[in-house]
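Breakdown of the fold
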Amino acid sequence: MEDGNMQMTPEQQQATDLQRRSFMKVASMLGSAGALSMAGAGSALASMVTLPFANGRRQITNSYPQKKDMILMRERGPLLETPFDVFNHGVLTPNDRYFVRWHYAAIPTHVDVNTFRLRVHGAVSKTLDLSLNDIIRNHKPHEFIAVNQCSGNSRGFFTPRVAGGEWANGAMGCSRWTGVPLRDILNKAGVKSDALQIRFHGLDKTTLAESPRFMKSLDVGHAMDGEVMVAYAMNGEPLPLLNGFPIRLIVPGWYATYWVKSLDSIEVLTAPDTNFWMKVAYTIPDTPRANITPGQTGFKMIPINRMVPRSFITNLHNGTHVRAGHPVEVRGIAFGGDQGVAKVLFSDNGGQSWHETRLEHDYGRYAFRRWHTSFKATRGAHTLMVKCVNTKGLAQPMTPNWNPAGFMRNVVETTRVVGA
Ligand SMILES: Nc1nc2c(c(=O)[nH]1)N[C@H]1C(S)=C(S)[C@@H](COP(=O)(O)O)O[C@H]1N2
Ligand SMILES: [Mo]
């Protein structure tokens, strides 16, 4: 849309204002670049938390720019987990509590918004070098709320244990994303008819020369579906540097590995991408729920893709004491994976019987959905369970899946409380 003389509808005016504000905010980040240096994460006075699995002791850190009170899993490249109680406060995860995951230590520590360019190249009619001004001001803003979840979220609970970052359940977050449909950008460049996949990478570099650069690809049809987006705002603010400032890819319904941060290259490929991060890393057994038994062989590996439903109680924890003889309020969040939430079921007797919970406002099929219910506590132990069924009819399983990379955990969660 042009800023201009023509009469604008209130909607167009709103969109233009949003673009102007977004660009001003993104541009103003330049001034604060000095404040974004990566401090060391250690601090003698740090508080500690213990996640509920072996080796679960972690520091709470405040040492990262634009972040506060995060669970520190690795200092460089940073792995910061969202403390779970954050999810009890609403559908949107605040930017300063949003989890962080980088593979390599050589991450962007500041970005010059005036010289930054996004290159669109490969099998296109015209190579583009887009400035932030081109991206934000010359396209109609597109917005939706979506969950970004690491493939290895909850890996720390895998039994037998597997190699890789031992996250509890906080390697996920839900935000309102504003940006430009990837399709609009690709159409400007003109995708050639023999294109097969679109490959993305960001400003981060490998630490060792021989390491493979972090790159991810989507099939052309998926990349052009009008939903996949190049986002420049998260909850109405510029993206935090650690979450991909100034722009990142949003692939709603798909695992976070595809949500390439600090995106600076979009490359149209005419052959399937066989780079390490597509062909070796982030692959799953091509079996139901990516589930195998330890030691099993003879299955095909495929790139990880769509998310599956999950749900969590957020206001009660293992060991919480509840009042016996009274109705106990239970609330939490659910998401359908690549679909909306159809229902969330609750059990206060370890899964023997279930009842439907009340779903709260629907923020869209890719968003967290809040739910609440209650149960009458008696004296003694109660095994609470919560199960999401998505709009495709897919339900969370009662037994955990297992695979050697620790991906796609979505078993029905259990919370043990005590009536007293
Ligand atoms: N450029 C770049 N993008 C990346 C990664 C990365 O290492 N480099 N990691 C991916 C993975 S595996 C995850 S889980 C998400 C994490 O997104 P967040 O740090 O904003 O939470 O970023 C994805 N995008
Ligand atoms: Mo990830």
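Our subject is the structure listed above.
Residues numbered from 1 in each chain as written. Chains lettered and ligands numbered in written order. Predicted model: local features only at pLDDT ≥ 70, side-chain atom pairs only at ≥ 80, totals over all residues. Heavy atoms only, no water.

Looking at the site of ligand 1
Ligand 1 sits among 19 residues. The nearest are Phe-99, His-103, Asp-204, Arg-248 and Lys-261. Between ligand 1 and Asn-148 there is a distance of 3.5 Å, counted from an oxygen atom to a side-chain nitrogen or oxygen. Measuring from an oxygen atom of ligand 1, one finds a side-chain N or O atom of Lys-261 at 2.4 Å. Out of a free accessible area of 530 Å², ligand 1 has 100% covered by protein chains. Split into classes, the residues belonging to the shell around ligand 1 amount to 11 nonpolar, 4 polar and 4 charged. (Near = heavy atom within 4 Å. Polar contact = N/O pair within 3.5 Å; in protein donor to acceptor, adjacent residues only side chain to side chain. Areas by Shrake-Rupley, 256 points an atom, 1.4 Å probe, with all protein chains shown as cover. Nonpolar A, V, L, I, M, F, W, Y, C, P; charged D, E, K, R; others polar.)

With respect to the state of the cysteines
By the definition in use, this model includes 0 disulfides. Cys-174 carries a free sulfur, and the closest cysteine sulfur to it, the one in Cys-388, is 13 Å from it. Classification of Cys-174 as buried rests on a relative accessible area of 0%. (Disulfide = S-S within 2.5 Å. Buried < 20%, exposed > 50% of the residue type's maximum accessible area, 1.4 Å probe, protein only.)

Side note on the pattern of salt bridges
Inspection of the entire model under this criterion finds 10 salt bridges. We note a salt bridge from Lys-68 to Asp-96, for which the minimum N-O separation is 3.1 Å. Placement of the pair is Lys-68 in the loop between β2 (57–61) and β3 (70–74) and Asp-96 in the loop between β4 (79–81) and β5 (100–101), with a sequence separation of 28 residues. Take Lys-68: its relative accessible area is 44%, and that puts it in the partly exposed class. When its relative accessible area of 23% is taken as the criterion, Asp-96 is described as partly exposed. (Salt bridge = Lys/Arg side-chain N within 4 Å of Asp/Glu carboxyl O. Helix = DSSP H or I, 4+ residues; strand = E, 2+ residues; numbered from the N terminus.)

A word on the packing of aromatic side chains
Tallied over the entire structure, the rule returns 17 aromatic pairs. Through a chain of ring-to-ring contacts, three or more aromatic side chains come together here, namely Tyr-104, Phe-214, Phe-276, Trp-277, Tyr-282 and Phe-407. The ring of Tyr-258 has Lys-216 sitting right over it, with the charged end atom 4.7 Å from the ring centre. The aromatic ring of Trp-354 is capped on one face by Lys-387, whose charged end is 4.4 Å from the ring centroid. (Phe/Tyr/Trp six-rings, centres within 6.5 Å; stacked < 30°, edge-to-face > 60°. Lys NZ or Arg CZ within 6 Å of the ring centre and 35° of its normal.)

Some points on the environment of Val-341
Tracing the chain through its elements places Val-341 in strand β21 (residues 341–347). For the pair Val-341 and Asp-225, spaced 116 residues apart in the sequence, the C-alpha separation amounts to 22 Å. Other than its neighbours up to four places away in sequence, Val-341 contacts Ala-334, Phe-335, Gly-336, Leu-359, Arg-369, Cys-388, Val-389, Asn-390 and Thr-391. (Contact = heavy atoms within 4.5 Å.)

Quick notes on unusual backbone geometry
Following Arg-76, the chain continues into Gly-77 via a peptide bond in cis, with omega recorded as -25°. Of note, Gly-77 is situated in the loop between β3 and β4. Despite not being glycine, Asn-235 has its phi angle at roughly 55°, a positive value. Among the structural elements, Asn-235 can be located in the loop between β12 (229–234) and β13 (237–238).

Overview of the sheet that holds strand β22 (residues 355–356)
A sheet is described by the order of its strands in space; here 5 strands give the open sequence β19-β26-β25-β21-β22, paired in mixed fashion. Two strands close off the open sheet at either side, each with one partner strand: β19 (321–322) and β22. Direction of pairing for β19 relative to strand β26 (residues 413–419): parallel, over a ladder of 2 bridges. Residue pairing across strands places His-321 opposite Val-418, the latter belonging to β26. (Pairing = 2+ DSSP bridges.)

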